[in-house]
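Listed here are the chains, written in short residue letters.
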Amino acid sequence: MLDAQRLPEIQQALADCGADAWLFTCFQQNDPVSLDLLGLTGRHLVTRRCYYLIPRRGTPVKLNHRLEPAMLAHLPGEQAYYLTWREHAEGLARLVDGSRRLAAQYSPDNQLPNVSRLDAGTADFLRQRGIELLSSAELVQRFAATWTPEQLAGHRRACKLLHEIVHAAFDRVATTLRNGGEDDEHAVQQFIVERFAGAGLWAESDPIVGVNAHSADPHYQPGPGNSAPIRRGDFLLIDLWAKEKAASSV
């Protein structure tokens, strides 16, 4: 999350890329990058538009609705409010006044969709005021997409466990077939899920275990009544992912 200690480094990065400021725009779940950097993810329900601007020099400025006055209170900077739609337009114009080259979560031609979150209407509003939009992609890479040492260590621990689990799954299938038995996709998938639990790993969805044609479907999920058998000579794909359960794990 952005804080006073990170501001000098961010402002130096703005100077390096020739931007006058970095604009963050938040409304509901429109921009995960802004929500994360502004510390709003999972903490607040952003039901009204709010903005945070970090200038290349000077103090950041916050703009949010009077009905949500504390939305950005945890962030450093000067506070401004709006209530009516007209006050919103006037406040946003004042916020960006003096900025001619503005970094935002924008990507030319939507080349980087994970970064391209600025809505077209706000982009029109800014351009009508003579502002040139710059992509914040390099800033996002530097300040939002860099792991901490603990995240890297956790990633390596999870990676080691995943390798052990996937080898155990293939060994299970090989042993079953050598002994004349038959396995199936769903059974192997649940074997992996149980190993995840035993290793303290978590995944937002179960791994893909696909035989033959199923291996070409990137979203295939076997089920108890929808699972192909695994026989000798089949092509078997196991696609698995997981992370540790601690907060901020990757």
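Model, not experiment: these values are computed from the prediction.

Cut-offs used in this document
Residues numbered from 1 in each chain as written. Predicted model: local features only at pLDDT ≥ 70, side-chain atom pairs only at ≥ 80, totals over all residues. Heavy atoms only, no water. Helix = DSSP H or I, 4+ residues; strand = E, 2+ residues; numbered from the N terminus. Core = buried A, V, L, I, M, F, W, Y, C linked by side-chain atoms within 4.5 Å. Buried < 20%, exposed > 50% of the residue type's maximum accessible area, 1.4 Å probe, protein only. Polar contact = N/O pair within 3.5 Å; in protein donor to acceptor, adjacent residues only side chain to side chain. Contact = heavy atoms within 4.5 Å. 1 Å grid on protein atoms, 1.4 Å probe; cavity = no way out; pocket = protein on both sides within 12 Å on 5 of 7 lines; lining within 4 Å. Points joined across faces, edges and corners; volume = space filled by probe spheres on them. Nonpolar A, V, L, I, M, F, W, Y, C, P; charged D, E, K, R; others polar. Arc of directions from axis to C-beta. Phe/Tyr/Trp six-rings, centres within 6.5 Å; stacked < 30°, edge-to-face > 60°. Lys NZ or Arg CZ within 6 Å of the ring centre and 35° of its normal.

A. Summary view of unusual backbone geometry. Despite not being glycine, Asp-109 shows a phi value in the positive range, around 60°. Secondary-structure assignment places Asp-109 in the loop between strand 5 (101-104) and helix 4 (120-127).

B. A look at the nonpolar core. Counting 26 residues, the largest nonpolar core has Leu-2, Trp-22, Phe-24, Leu-38, Leu-40 and Ile-54 as the members making the most contacts within it. For this core, the secondary-structure elements that each account for two or more residues are helix 1 (7-17), strand 1 (21-26), helix 2 (32-37), strand 2 (50-55) and helix 5 (137-143). With four residues, helix 1 is the largest single contributor of residues to this core. Ranked by size, the runner-up nonpolar core spans 20 residues in total, among them Leu-162, Val-188, Ile-230 and Leu-236.

C. Expanded view of the side chain of Asp-183. With respect to the helices, strands and loops of the structure, Asp-183 is situated in strand 7 (residues 183-184). Engagement of the side chain of Asp-183 in a polar contact is seen with the side chain of Arg-172, the distance being 2.8 Å. Apart from residues lying up to four places away in sequence, Asp-183 is in contact with Arg-172, Val-173, Thr-176, Val-188, Pro-229 and Ile-230.

D. Just the layout of surface pockets, in detail. For the largest pocket, the calculated volume is near 490 Å³. Lining the largest pocket we find 16 residues, and of these Asp-36, Ala-144, Thr-146, Gln-151 and Ser-248 sit closest to its centre. Its residues assigned to classes, the lining of the largest pocket comprises seven nonpolar, six polar and three charged.

E. Up close: helix 1. Among the residues of helix 1, Leu-7, Ile-10, Gln-11, Ala-13 and Leu-14 are the ones counted as buried. Looking down the long axis of helix 1, one finds its buried residues gathered within 155° of arc, a one-sided arrangement. Every exposed residue of helix 1 that faces more than 90 degrees away from the buried side is listed here: Pro-8 and Asp-16. Summarising the contacts, the buried residues of helix 1 are in contact with strand 1, strand 2 and helix 5. At the C-terminal side of helix 1, Gly-18 shows a positive phi close to 75°.

F. The packing of aromatic side chains, seen in detail. This model, assessed by the stated rule, comprises three aromatic pairs. Relative to Phe-143, the ring of Trp-22 has its centre 6.5 Å away and its plane inclined at 50°; by these criteria the two rings are tilted. Of the two residues, Trp-22 is situated in strand 1 and Phe-143 in helix 5; the sequence distance between them amounts to 121 residues. For Trp-22, a relative accessible area of 0% corresponds to the buried category. Here the aromatic rings of Phe-24 and Tyr-52 are separated by 6.4 Å at their centres, their planes lie at 45°, and the arrangement is tilted. Of this pair, Phe-24 sits in strand 1 while Tyr-52 sits in strand 2, placing them 28 residues apart in sequence. With respect to burial, Phe-24 and Tyr-52 carry one shared label: buried. Aromatic rings pair up to connect Trp-22, Phe-24, Tyr-52 and Phe-143 into one cluster. Lying across the ring of Phe-125, Arg-129 places its NZ or CZ 3.6 Å from the centre.

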